[in-house]
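An overview of the molecular structure
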Amino acid sequence: SETPASLIMIFGATGDLAKRKLFPSLYNLYQKGKLSENFAVIGTARREWSHETFQSHVYDSIKSAGGENEGIDQFASHFYYQAHDVTDSDSYLGLKKLADQLDKKYELEGNRIFYLSMAPEFFGTIASHLKTDGLTDTKGYKRLIIEKPFGHNYPSAKELNDQLRHSFSEEEIYRIDHYLGKAMVQNIQVIRFANALFEPLWNNRYISNIQITSSEVLGVEERGGYYEKSGALRDMVQNHMIQMAALLAMEPPINLSTEEVRSEKGRALKSLRPVEGDEVEKNFVRGQYGKGTIDGKELPGYREEANVDPASNTETFVAGKLLFDNFRWAGVPFYIRTGKRMSSKDTKIVVQFKDIPMNLYYKAKNELAPNLLVIHIQPDEGITLHLNAKRIGQEMETTPVKLNFSNKGLHGMNTPEAYEKLMYDCMKGDATNFTHWDEVSLSWKFIDNISAVWETKKADDYPNYASGTMGPKASDELLEKDGFFWWPVT
Ligand code: NAD
């Protein structure tokens, strides 16, 4: 159904995220008739742009995202621009005036979304000004969308959250983790809770281990400056990887309300065993890419990239073992791995079931393969179930078969899908697929223990994996120690 009337104010509207994701996503909603005609967007950033310049920027961004482009002019006419200095009250008063005008013109009922798509150091300042300068003083709803990263450790995240809470309540804060907007991540719950086949087996009696991989082929590209301060642990594990693990580990909620789903995820995270001190080296592996060849192209190592310290201690790869200490999962490792410059771009989850008690087909020298449920998140979207069946012929021989369901996702670089869903949800007031403060704080506390060790003890083997490989040897050894290996399945 259609969204309610909304004014969307985008801070950082001349930036990369707005251009590649936010404008195309809003346009797609518009195209599909899901966006109320009663909408307006105010873009703000430092640059002095006119409304017309902004509108043509929006127009171009939609054109370059490809696909349909009917009615773009009409759509773009709802966009307005105001140059803005995030620390200056006068700027906000100007914004308020424009917001009030558009509120009347488009009958927006005072509904306001503030989307902070800017460098994170400004999140707190902007939220404070929104209140003190009267922008949140509106008769409709007010909601704040916050991009990642939400802090760089627990204390900074807490400080940011406290600051936001002066202007917005927890229910009004929508913390983006765009993985939660991905179709197949949302499908984790459906696969689990809508099938008689899986949930009864979804525990330590039948599952031997779960493997979550999110690999990228790209290196750090032009984000060296940012990445040096972040690294894969903070950039990927604290949010996306832990969120996927929580969705796999959580108990069935009593219903699908925001509160119930997020509280179950929070409970799962409370059972996540902390990895501290000496345990860090045993359970977590860090890596940094060196030179290598991908698709016949010679690529530089991380330390040779622009804005990167030639002796950098920043990890571009992390593998780790998560353990949820609860009745359901005691003893089942959840392995995660993520990194840059790996051999393929692939986000997937492999659920490995335990071996059957006895192999009756051993005589026919068949090693039975374990049953696997593979959830493909990107770029492929779908699920594959690996089973054993009888090979055609006289002998009682087994052969692996795969049952495949493909979502036939759009394989392009520019699928704005996740953002489309998330912006729609926010306008509808559904925060289920945004992260609650409890989840953010628990995951930062988990991560901080690991960073504490990695920051005090420099990695002495960097670079420890070549570009175009699946990470350092230690990542394979992490599973080998437990008698497992990373499934190379596709
Ligand atoms: P960007 O650097 O491309 O854009 C930043 C925007 O903020 C620009 O419009 C800039 O003019 C504006 N800005 C910067 N300083 C300002 C100031 N002092 N006053 C007013 N405006 C100012 O950044 P981006 O890539 O669009 O990222 C925005 C946010 O989204 C960041 O939090 C980032 O971590 C997050 N994010 C980006 C991506 C992505 O793909 N680009 C993906 C996930 C999350």
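Scroll up to find the structure this text is about.
On a predicted model such as this, the values are computed, not experimentally measured, just so you know. Within each chain, residues carry numbers counting from 1 in the order of the written sequence. In keeping with the model being predicted, local features are shown solely for residues with a pLDDT of at least 70 and side-chain atom pairs are shown and tallied solely at 80 or more, while totals for entire chains, interfaces and linings include all residues. For side-chain calculations, the full set of non-hydrogen atoms in the structure is used, while hydrogens and water are omitted.

Some points on the pairing of strand 14 (residues 372-378)
Each residue is placed in one exposure class: buried if its accessible area under a 1.4 Å probe, protein chains only, is under 20% of its type's maximum, exposed if it is over 50%, and partly exposed if it falls in between. Under the DSSP-based scheme used, a helix requires at least four consecutive residues in state H or I and a strand at least two consecutive residues in state E, with every element numbered from the N terminus. Across the seven residues that make up strand 14, a large majority, seven, are buried. Strand pairing is defined by DSSP finding a minimum of two bridges between the two strands. In this structure, strand 13 (residues 346-353) lies alongside strand 14, joined through six bridges in antiparallel fashion. Each bridged residue has a counterpart across the sheet, and for I349 the counterpart in strand 14 is I375. In this structure, strand 14 lies alongside strand 15 (residues 382-390), joined through five bridges in antiparallel fashion. Bridging from a neighbouring strand, L373 pairs with L385 of strand 15. With antiparallel pairing between neighbouring strands as the criterion, strand 14 and strand 15 make up a hairpin whose turn holds three residues.

A short note on unusual backbone geometry
Following K148, the chain continues into P149 via a peptide bond in cis, with omega recorded as 0°. In this structure, the amide linkage connecting Y462 to the following residue, P463, adopts the cis form with an omega of -10°. Here the phi dihedral of E107 falls at roughly 50°; this positive angle occurs in a residue that is not glycine. For E107, the position within the fold is in the loop between helix 4 (89-105) and strand 4 (112-116). One non-glycine residue with positive phi stands out, namely N307, at about 60°. The class of N307 is exposed, set by a relative accessible area of 59%.

Observations concerning the site of the ligand
If a single non-hydrogen atom of a residue is within 4 Å of a molecule or strand, that residue counts as near it. In the region of the ligand, 19 residues are neighbours, and T14, D16, L17, R20 and K148 sit closest. G15 has a polar backbone atom sitting 3.1 Å from an oxygen atom of the ligand. One of the backbone nitrogen or oxygen atoms of M118 is found 2.9 Å away from an oxygen atom of the ligand. Areas reported here follow the Shrake-Rupley algorithm with a probe of radius 1.4 Å; residue values treat only the protein chains shown as occluding. Contact with the protein chains removes 76% of the 830 Å² of surface that the ligand exposes when unbound. At three residues, the largest contribution of residues to the shell around the ligand is made by helix 1 (residues 16-31). Here a polar contact means two N or O atoms within 3.5 Å. Within protein one must be a hydrogen donor candidate and the other an acceptor candidate, and residues neighboring in sequence count only if both atoms are side-chain atoms.

Remarks on the sheet that holds strand 9 (residues 289-294)
Across the sheet, which stays open at both edges, the three strands sit in the order 10-9-17 with mixed pairing between neighbours. Edge positions in the sheet fall to strand 10 (297-299) and strand 17 (465-467), since each of these pairs with one other strand and no more. Each strand of the sheet is rotated relative to its neighbour by a mean of 25°, with strand direction disregarded. In terms of strand pairing, strand 9 meets strand 17 through three bridges, oriented parallel. Paired with Y289 across the bridge in strand 17 is Y465. Here an axis means a line fitted to C-alpha atoms, over the contact stretch when the element is a helix, while the angle between two N-to-C directions is reported on a 0 to 180 degree scale.

Focus: the environment of N28
On the secondary structure map, N28 appears in helix 1. Here the alpha-carbon distance between N28 and G67, two residues 39 residues apart in the chain, equals 9.5 Å.

Description of the sheet that holds strand 6 (residues 173-175)
The strands making up a sheet associate through backbone hydrogen bonding, with each pair oriented either parallel or antiparallel. Spatially, 3-2-1-4-5-6 is the arrangement adopted by the six strands of the open sheet, whose pairing is parallel. A strand with exactly one partner marks an edge of an open sheet, and here the two such strands are strand 3 (79-83) and strand 6. Neighbour-to-neighbour, the strand axes of this sheet turn through a mean angle of 20°, independent of strand direction.

A word on the packing of aromatic side chains
In this analysis, rings of Phe, Tyr and Trp, with Trp reduced to its six-membered ring, are considered paired at centre separations within 6.5 Å, and the interplanar angle assigns stacked below 30 degrees, edge-to-face beyond 60, and tilted for intermediate values. Overall, the coordinates contain 27 aromatic pairs when judged by the stated rule. Relative to F79, the ring of F54 lies with its centre 6.0 Å away and its plane at 55°, an arrangement referred to as tilted. Taken as a pair, F54 in helix 2 (residues 51-64) and F79 in strand 3 lie far apart in primary sequence, 25 residues in all. A single burial state applies to F54 and to F79, both of which are buried. Taken together, the ring pairs in this structure connect F23, Y27, Y30, F39, W49, F54, F75, F79 and Y81 into an aromatic cluster.

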